Amino acid sequence: MDYISTRGSAPALDFEQVTLAGLASDGGLYVPREWPRWSAADFESLRGLSYVETAVRVMTPFVGDALTQDELRSLCSTAYGGFAHDAITPLVQLDGAHWLLELFHGPTLAFKDVALQMLGGLFETFLARSGKALTIVGATSGDTGSAAIQSLAGRERIEIFMLHPHDRITDVQRRQMTTIHAPNVHNIAIEGSFDDAQAMVKRIFGDEDMRAKFSISAVNSINWARLMAQIVYYVWAAIQLGAPSRRVAFSVPTGNFGDAFAGYAAAQMGLPIERIIVATNNNDIMHRAFSQGDYSKGAVEATGAPSMDIQIASNFERLLFDMEGRDGAKTNARMADFDQSGRMTIPREMLDKVALFSSCRADADDMSSAMRWAHEQCDEVIDPHTAAGLHAARVADLPEDTAVVTLATAHPAKFRETVERATGVRPALPLRVGHLFEREERLDILPADYDVVKAYITERAVPSA
Ligand SMILES: *Cc1c(COP(=O)(O)O)cnc(C)c1O
């Protein structure tokens, strides 16, 4: 399998190269040259398989020759061996129509572990072949940073620099990063906002000086391998609920549109998905895009579901590429225009091509009521991100008898203040993260000054050759 850029001019890469590259050199995102197509019998043959075995089967066409079956199986077993639930991503029934797919049983209590646990092993395997070193630089407002650090700590040939806004993330989120003590982990608290941190990371990626010295890569969901790992649980859940003979709908708490795009990829493979409901909070760029064709940046508003507080959804470019008939030049023109103006209008004929999607915005009241409903009617305590998804699932207009799976993207204990306010229940942190408040924290506090941050990284990163 090879991968092409959504902007049409970067070279095609194989799976190994695309994993290490992250962003394409023309500024685009990599997508498979064509979607693998499975028959009903192919899906049927997954029935009864474990999560790990399902993962191996679903990932194989995307990985191509980059890994042997044994290598892939061993990476999947290691990645998911650390999950705290035997089913890895268990399905929980709420009522006759609604299900939760719990994606938060990994080490940092959010769904990002499902992809990042896998990505760490892929990096290490590919780097060992070439003997090269990788410098990972990222900015986090919470979940991505901790999942990336948890996965990459102690790995050979990788240094990770994670920037977060000083004093502006929760204690649990910060401690999940700063209590992991490995020589290749560098936590940087920036005296500024998340946007300051993010702007600095962007500058590092574009800095010729840094690019000449280091091989710099990313762990956010522009990385194709992350999305590939997320396709697995759509397939796994649908099979449990009777696919391919039954159609299943999914409701996806959405920020950067990575998770929802993975669902689209599963549908492109032939999985009979009735609908993918894109649930946003008040930061509703994706809801406006699907409902009105208005993909325009707004100001970011802080909500009770902070991991969805995003006003540009990077992965939407991958869907636009398909909506433009997989024409890189057209997608490039569209994105160039958006980068300049911050606005994009999507004509009805283009939206009609992706009628698989619907969308819904959940405000603070909607999220609270969904948390209360789950608690009072179904005896399940859910987090605010999951609540946005469940709200959208409950108001969606779907054919009767459709099973709707809401992706439960975070453990409720990760956002316990908001959960307690809505339900009166204060969810306890699972035992496996109970040590968080006893361990010493390691981080360096730096001013929001590019030269200082650049010097810090230069001193500690490993040159690429
Ligand atoms: C990252 C995140 C999301 C949003 O996922 P995207 O792939 O960016 O759309 C939703 N919920 C939680 C808890 C997250 O950490």
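Description of the structure in this document. Just so it is clear, the structure is predicted and the values come from calculations on it, not from any experiment.

### A few points about the overall build of the protein
- From N to C terminus, the protein includes 19 helices and 16 strands.
- Seen through its C-alpha atoms, the protein measures out along the principal axes to roughly 60 × 50 × 50 Å.
- In the protein, buried positions account for 60% of the 465 residues.
- In the protein, once contacts between residues fewer than 6 apart in sequence are set aside, the share between residues at least 24 apart is 75%.
- When the accessible surface of the protein is split by element, carbon and sulfur atoms take 46% of a total near 17700 Å².
- Of the side chains in the protein, 43 bear a positive and 60 a negative charge, and the two mean positions are spaced by 2 Å.

### Considering the packing of helix H5 (residues 112-130) against helix H6 (residues 143-152)
- Here H5 crosses H6 at 40 degrees, and the two axes come no closer than 8 Å. Crossing geometry of H5 relative to H6 is assigned as right-handed. Every residue of H6 that contacts H5 at Lys112, Asp113, Leu116, Gln117, Gly120 and Phe123 is listed here: Asp143, Thr144, Ala147, Ala148, Gln150, Ser151 and Leu152.
- In terms of residue class, the contact of H5 with H6 is made up of five nonpolar, five polar and three charged.

### With respect to the sheet that holds strand E11 (residues 273-280)
- Spatially, the six strands line up as an open sheet ordered E4-E5-E15-E10-E11-E14, and their pairing is mixed. With partners counted over all chains shown, the strands left at the sheet margins are strand E4 (91-93) and strand E14 (357-361), one partner each. With direction set aside, neighbouring strand axes in the sheet form an average angle of 25 degrees.
- Bridging between strand E10 (residues 248-253) and strand E15 (residues 403-408) involves four bridges; their strand directions are parallel. Residue pairing for E15: Phe250 is matched across the bridge by Val405.
- Relative to the sheet, helix H11 (residues 258-268) contacts E10, E11, E14 and E15, its axis offset from that of E11 by approximately 170 degrees.

### Regarding the pairing of E11
- Burial of E11 is extensive: seven of the eight residues sit out of reach of the surface.
- Pairing analysis gives six bridges linking E10 to E11, with the strands arranged parallel. Bridge pairing links Ser251 to Ile277 in E11.
- Handedness of the crossover joining E10 and E11 through H11 is recorded here as right-handed.

### A short note on the packing of helix H13 (residues 316-323) against helix H14 (residues 328-341)
- H14 packs onto H13 with a crossing angle of 135 degrees between their chain directions and a minimal axis gap of 9 Å. Taken together, H13 and H14 sit at an angle that is classed as oblique. The chirality of how H13 crosses H14 is right-handed. In contact with Glu317, Leu320 and Phe321 of H13, H14 contributes Gly328, Thr331, Arg334 and Met335.
- A breakdown of the residues in the contact of H13 with H14 according to their chemical character gives three nonpolar, two polar and two charged.

Rules used in this analysis
- Residues numbered from 1 in each chain as written.
- Predicted model: local features only at pLDDT ≥ 70, side-chain atom pairs only at ≥ 80, totals over all residues.
- Heavy atoms only, no water.
- Helix = DSSP H or I, 4+ residues; strand = E, 2+ residues; numbered from the N terminus.
- Buried < 20%, exposed > 50% of the residue type's maximum accessible area, 1.4 Å probe, protein only.
- Contact = heavy atoms within 4.5 Å.
- Areas by Shrake-Rupley, 256 points an atom, 1.4 Å probe, with all protein chains shown as cover.
- Lys, Arg positive; Asp, Glu negative; His and termini not counted.
- Charge placed at Lys NZ, Arg CZ, Asp CG, Glu CD.
- Axes fitted to C-alpha atoms, helices over the stretch in contact; angles between N-to-C directions.
- Left-handed = near helix turned anticlockwise from the far one by under 90°.
- Nonpolar A, V, L, I, M, F, W, Y, C, P; charged D, E, K, R; others polar.
- Pairing = 2+ DSSP bridges.
- Right-handed = clockwise from strand over helix to strand, strands pointing away.
- Parallel < 35°, antiparallel > 145°, perpendicular 65-115°, else oblique.

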